[in-house]
Amino acid sequence: MKNIEYAIKGLRAPFFKLLNKDKESFLCPICNYAGPFKDKNVRLHAKCPKCGELERARLQYLVLENIFKSIDCSSQSILHIAPENAFRKLFRRKFKTYVSGDLYRKDVDKNFDIQDIPFPDASFDMVFASHVLEYPDDDMKAISEFRRVLRTNGIAVLPIPLVHEKTRDRKDRDKVTRMMHEAGLDYFARFEAVFTKVEIHKSEMYPKEHQLFVYRGGGGEGYPLAVGDGWYSDVVPVCYV
């Protein structure tokens with residue numbers, strides 16, 4: 001059944017490409033699809049019609065590719081929080097030991113709160129946790145836990161959505177977004193307080209052919225990294241022990 005589902009999914013991209021031949025074309029770095037991307041609500045060119053990944057995943061994939069150029073992961077271990085399917089496959093190929101975790105999901109190796117990670121100190125060489133630090137009550141405790149479980153020379157890739165100029169820590173959880181921390185451009189100081197070095201990778205640092213920007217149709221309150229009329233840069237922080 002799964003093979004049939006994958007085959008059907010694989011046929012969607014050629015049909016979409018044929019029906020949208022006048023749209024601007026891009027190259028997905030994750031699956032190597034070349035052609036127009038799908039719009040998602042008000043976001044233009046957001047979704048790859050072949051693998052289904054969005055702007056932020058494409059940027060994160062390119063950042064990871066850069067990291068993998070300088071390290072050999074074949075004997076290393078990674079902790080993957082709230083695992084995305086594309087990255088789960090990538091990490092299982094790259095690393096000797098792969099461990100996934102989430103608070104509630106059943107498709108992971110272990111359920112736990114990132115404020116209290118149930119692994120000893122220096123258990124992993126890399127932590128990948130995308131868009132999770134906006135949710136715990138104590139995000140600094142979670143960041144410190146990521147640092148604690150990393151070995152010497154370990155790396156944590158910790159993207160978080162930026163929605164304001166300055167970070168707003170909420171007293172009560174937002175009823176819609178469930179966020180406790182609405183990150184701003186100053187949020188990276190929280191990483192710098194825990195890690196030895198923090199590198200900031202932005203959408204504009206990578207080839208435009210991959211379409212790594214977020215279009216929000218006229219902007220809106222917050223989301224500070226505007227690079228054009230309704231277009232916004234995304235950011236991936238890479239933290240080094």
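Refer to the structure above for everything that follows.
Remember, it's a predicted structure, so these values are computed and weren't measured experimentally. Numbering of residues starts from 1 in every chain and runs along the sequence as written. Restriction of local features to residues with pLDDT of at least 70 applies here, the model being predicted, together with a cutoff of 80 or more for giving and counting side-chain atom pairs; totals for whole chains, interfaces and linings are based on all residues. Working from all heavy atoms in the structure, the side-chain values ignore hydrogens and water.

Chemist: Please clarify how the overall build of the chain should be interpreted in this entry.
Modeler: Along the backbone of the chain there are five helices and 16 strands. For 241 residues, the compact-globule estimate of 2.2 N^0.38 gives 18 Å, and the chain sits close to it at 18 Å. Counting all 241 residues of the chain, 51% fall into the buried class. To measure how exposed things are, a 1.4 Å probe is used in the Shrake-Rupley method; for residues, cover is taken only from the protein chains shown. For the chain, the accessible surface area stands at approximately 12600 Å², while carbon and sulfur atoms represent 51% of it. When the 39 basic and 34 acidic side-chain charges of the chain are each reduced to a single mean position, those positions are 6 Å apart. Here a helix means four or more residues in a row that DSSP labels H or I, a strand means two or more in a row labelled E, and each is numbered from the N terminus. As a reference, a globule follows 2.2 Å times the number of residues to the power 0.38, and the radius of gyration itself is taken over C-alpha atoms. Here the term buried applies to any residue with accessible area under 20% of the maximum for its type, exposed to any over 50%, and partly exposed to those in between, with areas from a 1.4 Å probe on protein chains only. When charges are counted, neither His nor the chain ends are considered; positive counts come from Lys and Arg and negative counts from Asp and Glu. For the purpose of locating charges, the reference atoms are NZ of Lys, CZ of Arg, CG of Asp and CD of Glu.

Chemist: Mind showing me how you'd approach the nonpolar core here?
Modeler: Here is a general trend for soluble globular proteins: nonpolar side chains tend to be buried in one another's company. Take the buried residues of types Ala, Val, Leu, Ile, Met, Phe, Trp, Tyr and Cys, join any two whose side-chain atoms come within 4.5 Å, and each joined set is a nonpolar core. Ranked by size, the top nonpolar core spans 34 residues in total, and within it Leu-64, Ile-67, Phe-68 and Phe-91 carry the most contacts. Only α1 (2–19), α2 (55–70), α3 (85–94), β8 (124–129), β9 (150–157) and β16 (235–240) provide two or more residues apiece to this core. Here the element with the most residues in this core is α2; it accounts for eight residues. In this structure Leu-64 touches Phe-87, Leu-90, Phe-91, Met-126, Phe-128 and Val-157, once residues within four positions along its chain are discounted. In this structure, Ile-114, Phe-119, Phe-146 and Phe-188 belong to the second largest nonpolar core, which totals 31 residues. Any two residues whose heavy atoms approach within 4.5 Å at even a single point are treated as in contact.

Chemist: What am I meant to see in unusual backbone geometry here?
Modeler: With the exception of glycine, the majority of residues adopt a negative phi angle, and the majority of peptide bonds are in the trans configuration. We note that Ala-82 has phi near 50 degrees; this positive angle belongs to a residue other than glycine. Counting through the fold element by element, Ala-82 comes out in the loop between β5 (77–81) and α3. Look at Ala-82 and you get buried, because its relative accessible area is 18%. Of note, the phi angle at Ala-122 is positive, near 55 degrees, even though the residue is not glycine.

Chemist: What is the right way to read α2 from this model?
Modeler: Because each turn of an α-helix spans 3.6 residues, side chains separated by three or four positions in sequence point in the same direction. For a helix, the expected span equals 1.5 Å multiplied by the residue count minus one. In this model α2 runs 24 Å from its N-terminal to its C-terminal C-alpha over 16 residues, within 8% of the 22 Å that 1.5 Å per residue would give. Those residues of α2 that sit buried are Glu-55, Ala-57, Arg-58, Leu-59, Gln-60, Tyr-61, Leu-62, Val-63, Leu-64, Ile-67 and Phe-68.

Chemist: So what exactly am I meant to see when it comes to the sheet that holds strand β13 (residues 197–202) here?
Modeler: Backbone-to-backbone hydrogen bonds pair the strands of a sheet. The strands run either parallel or antiparallel. Should DSSP find at least two bridges between two strands, the strands are regarded as paired. Read from one edge to the other, the open sheet built from seven strands follows the order β7-β6-β5-β8-β9-β16-β13, with strand pairing classed as mixed. In this open sheet, the two edge strands, each paired with only one partner strand, are β7 (110–111) and β13. Sheet topology note: the β5/β8 ladder contains four bridges and is parallel. Looking at β8, one finds that Leu-79 is bridged to Val-127. Here an axis means a line fitted to C-alpha atoms, over the contact stretch when the element is a helix, while the angle between two N-to-C directions is reported on a 0 to 180 degree scale. Lying over the sheet, helix α4 (residues 139–148) contacts β5, β8 and β9, oriented at roughly 135 degrees with respect to β9.

Chemist: Mind showing me how you'd approach the side chain of Ser-233 here?
Modeler: Secondary-structure assignment places Ser-233 in the loop between β15 (231–232) and β16. We call two N or O atoms a polar contact when they sit within 3.5 Å, provided that within protein one can donate a hydrogen and the other can accept it, with sequence-adjacent residues counted only if both atoms are side-chain atoms. One polar contact links the side chain of Ser-233 to the main-chain amide nitrogen of Ser-203, over a distance of 3.4 Å. A polar contact is formed between the side chain of Ser-233 and the side chain of Glu-204, at a distance of 2.6 Å.

Chemist: Looking at this structure, how should I read the sheet that holds strand β12 (residues 181–184)?
Modeler: The three strands lie next to each other as β10-β12-β11, forming an open sheet whose pairing is mixed. Edge strands, defined here as strands with exactly one partner in the open sheet, are β10 (162–164) and β11 (168–169). Pairing between β11 and β12: two bridges, direction antiparallel. Bridging across to β12, Arg-168 finds its partner in Glu-182.

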